[in-house]
Amino acid sequence: MQKLNQKNVHNKNTADIPYAMPDEEAEEYEGPQYKPGNISGEEALLKSRAETKNLEPEPPANILGKWGEYSQKLFKLRPPIEYIYKELIPKGIEGGLFAGGGTGKTFFGLQQTLYGAAGLPFGRLEPTRPLHVVFLCAEDEERFLLERAENIINNDGLLRERLDLIKQNSHIKSLTDRFTPFVQFNNHGNIEETNVFKNILNELLQWKNIDLIILDPLMSFWGLPENESVNGQALIVALRKIAKTTGATVQVSHHVSKTATVESICGGGGRGTSSIYDGLRFAFGMLKVLPTVSGKAGELKANPEYTRLKFQCQDKNPSFAKMFSAKSNHAAELPGILFFRRGYKGVLEPLDVIDFYKEARTELLSFLKNSAPISKNDLLRENVCAEIRGKMKQLFDLGREKLEQMINQLISAGEVEETESQEQGPGRGKIVLIVTK
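Report follows, based on the coordinates.

About the criteria used
- Residues numbered from 1 in each chain as written.
- Predicted model: local features only at pLDDT ≥ 70, side-chain atom pairs only at ≥ 80, totals over all residues.
- Heavy atoms only, no water.
- Helix = DSSP H or I, 4+ residues; strand = E, 2+ residues; numbered from the N terminus.
- Contact = heavy atoms within 4.5 Å.
- Areas by Shrake-Rupley, 256 points an atom, 1.4 Å probe, with all protein chains shown as cover.
- Core = buried A, V, L, I, M, F, W, Y, C linked by side-chain atoms within 4.5 Å.
- Buried < 20%, exposed > 50% of the residue type's maximum accessible area, 1.4 Å probe, protein only.
- Expected span 1.5 Å × (residues − 1).
- 1 Å grid on protein atoms, 1.4 Å probe; cavity = no way out; pocket = protein on both sides within 12 Å on 5 of 7 lines; lining within 4 Å.
- Points joined across faces, edges and corners; volume = space filled by probe spheres on them.
- Nonpolar A, V, L, I, M, F, W, Y, C, P; charged D, E, K, R; others polar.
- Phe/Tyr/Trp six-rings, centres within 6.5 Å; stacked < 30°, edge-to-face > 60°.
- Lys NZ or Arg CZ within 6 Å of the ring centre and 35° of its normal.
- Axes fitted to C-alpha atoms, helices over the stretch in contact; angles between N-to-C directions.
- Parallel < 35°, antiparallel > 145°, perpendicular 65-115°, else oblique.
- Left-handed = near helix turned anticlockwise from the far one by under 90°.
- Pairing = 2+ DSSP bridges.
- Polar contact = N/O pair within 3.5 Å; in protein donor to acceptor, adjacent residues only side chain to side chain.

1. Considering the overall build of the protein
Then comes step 1: In terms of helices and strands, the protein carries 16 helices and 19 strands.
Then comes step 2: Within the protein, contacts between residues separated by at least 24 positions form 65% of all contacts whose residues are at least 6 apart in sequence.
Then comes step 3: As displayed, the protein offers around 25700 Å² of accessible surface, 50% of which is attributable to carbon and sulfur atoms.

Written as structure tokens, this is what we have:
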């Protein structure tokens, strides 16, 4: 009886079935050899497939495409870019909210979810339609999220009217009882996706047409040391995978340092490696507006921004936050800095900031109309005008130099004119300021 070996082949009638091959034919076979023993035919087949695959060269990959295929698409009809907020954030990209502690980043995510699901504007964020939004929070328990959501809805009658739409279009989930990192080190020290990531992604894919996925906070979904660039790049790859496979925009919230400024966030993002900020396609910044700021010598002085907002709200101890575009790769940026007042139990209330320069002009013109004739020098230096100078400084951050600039602008605009006072007789009057309009 001839000695038989096994080979994994495709015969004419049956695929992937091992068949017996005489020794003289086996000599021509260069694949893995298996001798009779305790190993089963099925196990031999599996091992043969695995080892043979390792011996075969990888098929050539078409990475670069055909020469010139990009330019052939120029000025051709194609689907328009879809936005979740009007001309602000395209669908299907990854971005972030870089927020200081206590600014209300979780409230922001909740309000984005509720207003987006209802199809209502939240400040300058105007959804193109009612959005399907998923908010995954790994920092706050469900009971707190429920209370916050109820406070948000009760604070706005329009949201209350669209409660059914909110229930239909949003999914809010607390993950505080779960281990949530998306990436981890394997036994060989390489970075890999976690089972949690794979499971979450599979569940998201079961829900069709998601527009926005909010992850709060980023650190709970990272799982790796935050200062290594390669670790940040691995997380970006995971976020991009969610965005590309679901078609949704993914937004993560990330902490910034206590000393963060608008400039520092726009320059490098939040805590840890800057590769997170660099990899995201858009980023918002959010900071508290503090009552005081540090002066040139390190001393604390009143913050003019806070003073103006406080004056507008007529509140003794208000709390404010400001938001701005730190980065925008594929759309327009927010139109300037947006302000929020912290309302009932921390709800973020968009604040339409008044034109403080206009208010300051009105205040100054009112003073000039109702006071005895005074000169420019009186207004800027004399004790008789100390009270109005103090008011202009406190409310509108108009020191002596800025106040003089305003007076000159009012004169140039013809709203105020300089004329000689006749109170002390001809030739002895001084030049005073008179309101003409």
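2. Things to note about the nonpolar core
Then comes step 1: Counting residues in hydrophobic clusters, the biggest one holds 38 residues, and the most contacted among them are Tyr85, Phe108, Leu125, Ile152, Leu159 and Phe284.
Then comes step 2: Contact partners of leucine 125, with chain neighbours within four places excluded, come to Tyr85, Leu88, Phe108, Gln112, Leu120, Phe284 and Leu334.
Then comes step 3: Grouped together as the second largest cluster of nonpolar side chains are 37 residues, Phe197, Ile213, Leu235 and Ile265 included.

3. Examining helix α9 (residues 229–246)
Then comes step 1: The terminal C-alpha atoms of α9 lie 26 Å apart, and with 18 residues this matches the ideal 26 Å at 1.5 Å per residue to within 8%.
Then comes step 2: For α9, the full list of buried residues reads Asn231, Gly232, Ala234, Leu235, Ile236, Ala238, Leu239, Ile242, Ala243 and Thr246.

4. Here we look at the layout of surface pockets
Then comes step 1: For the largest pocket, the calculated volume is near 530 Å³.
Then comes step 2: What lines the largest pocket is a set of 22 residues, among which Lys258, Ala260, Leu287, Lys288 and Leu290 lie closest to the centre.
Then comes step 3: Every element with two or more residues in the lining of the largest pocket is listed here: α10 (262–268), β12 (282–289) and β13 (292–294).
Then comes step 4: Here the residues of the lining of the largest pocket sort into eight nonpolar, nine polar and five charged.

5. Comments concerning the packing of aromatic side chains
Then comes step 1: Across all of its chains, the model carries nine aromatic pairs by this definition.
Then comes step 2: Ring centres 5.7 Å apart and planes at 70° place the aromatic pair phenylalanine 98 and tyrosine 277 in the edge-to-face group. Highlighted residues: phenylalanine 98 in strand β5 (residues 94–99) and tyrosine 277 in helix α11 (residues 275–279), separated in sequence by 179 residues. Each member of the pair, phenylalanine 98 as well as tyrosine 277, carries the same accessibility label: buried.
Then comes step 3: For the ring pair phenylalanine 108 and phenylalanine 340, a centre distance of 6.2 Å and an interplane angle of 90° mean the geometry is edge-to-face. Taken together, the residues phenylalanine 108 in helix α3 (residues 105–118) and phenylalanine 340 in strand β16 (residues 338–342) connect sequence positions 232 residues apart.
Then comes step 4: A relative accessible area of 2% places phenylalanine 340 in the buried class.
Then comes step 5: Positioned above the aromatic ring of tyrosine 277, the side-chain terminus of lysine 327 is 5.1 Å from the ring centre.

6. Section: the packing of α3 against helix α4 (residues 142–154)
Then comes step 1: Contact pair α3 / α4: the axes reach a minimum separation of 10 Å and the direction vectors enclose 60°. When the axes of α3 and α4 are compared, the pair comes out oblique. Between α3 and α4 the crossing geometry is right-handed. Residue-level contacts link Thr106, Phe107, Leu110, Gln111, Leu114 and Tyr115 of α3 to Leu145, Arg148, Ala149, Ile152 and Ile153 of α4.
Then comes step 2: Along the lines of polarity and charge, the residues of the contact of α3 with α4 split into eight nonpolar, two polar and one charged.

7. Focus: the packing of helix α12 (residues 304–313) against helix α15 (residues 386–396)
Then comes step 1: At their nearest, the axes of α12 and α15 sit 7 Å apart, and the two run at 95° to each other. With respect to α15, the element α12 is oriented roughly perpendicular. Listed contacts from α15 to Thr307, Arg308 and Phe311 of α12 are Gln394, Leu395 and Phe396.

8. Overview of the pairing of strand β6 (residues 133–137)
Looking along a regular strand, one sees side chains alternate from face to face of the sheet.
Then comes step 1: With five of its five residues buried, β6 lies for the most part within the structure.
Then comes step 2: Where burial is concerned, the two faces of β6 agree: the one with Val133, Phe135 and Cys137 and the one with Val134 and Leu136 are both buried.
Then comes step 3: By the bridge criterion, five bridges tie β6 to strand β10 (residues 212–216) in an arrangement that is parallel. Bridge assignment links phenylalanine 135 to a residue of β10, and that residue is isoleucine 214.
Then comes step 4: Alignment of β6 against strand β7 (residues 170–174), held across five bridges, turns out to be parallel. Within β7, the position partnered with valine 133 by the bridge is serine 170.

9. Re the sheet that holds β16
Then comes step 1: One open sheet holds the nine strands; their spatial order is β7-β6-β10-β11-β5-β12-β15-β16-β17, and the pairing between them is mixed. Looking along the sheet, the strands with just one partner apiece sit at the ends: β7 and β17 (348–351). Ignoring which end each strand starts from, the neighbouring axes of this sheet average 20° apart.
Then comes step 2: With four bridges joining them, β10 and strand β11 (residues 249–255) adopt parallel strand pairing. Residue pairing for β11: isoleucine 214 is matched across the bridge by glutamine 251.
Then comes step 3: This element, α9, spans β5, β10 and β11 of the sheet and lies at about 155° to β11.

10. Considering the environment of valine 353
Then comes step 1: Topologically, valine 353 is positioned in the loop between β17 and α13 (356–370).
Then comes step 2: By relative accessible area, which is 35% here, valine 353 ends up partly exposed.
Then comes step 3: Taking the C-alpha atoms as reference points, valine 353 and isoleucine 337, 16 residues apart in sequence, are found 9.9 Å from one another.
Then comes step 4: In this view, valine 353 contacts Leu309, Gln312 and Phe339; residues no more than four positions away in its chain are not counted.

11. Comments concerning the side chain of histidine 254
Then comes step 1: In this fold, histidine 254 is placed in strand β11.
Then comes step 2: Of the residues examined, histidine 254 reaches a relative accessible area of 2% and is grouped as buried.
Then comes step 3: Side-chain polar atoms of histidine 254 contact the backbone oxygen of arginine 271, separated by 2.8 Å.
Then comes step 4: Those residues in contact with histidine 254 that lie beyond four places of it in its chain are Leu97, Phe98, Ala99, Leu218, Met219, Gly270 and Arg271.

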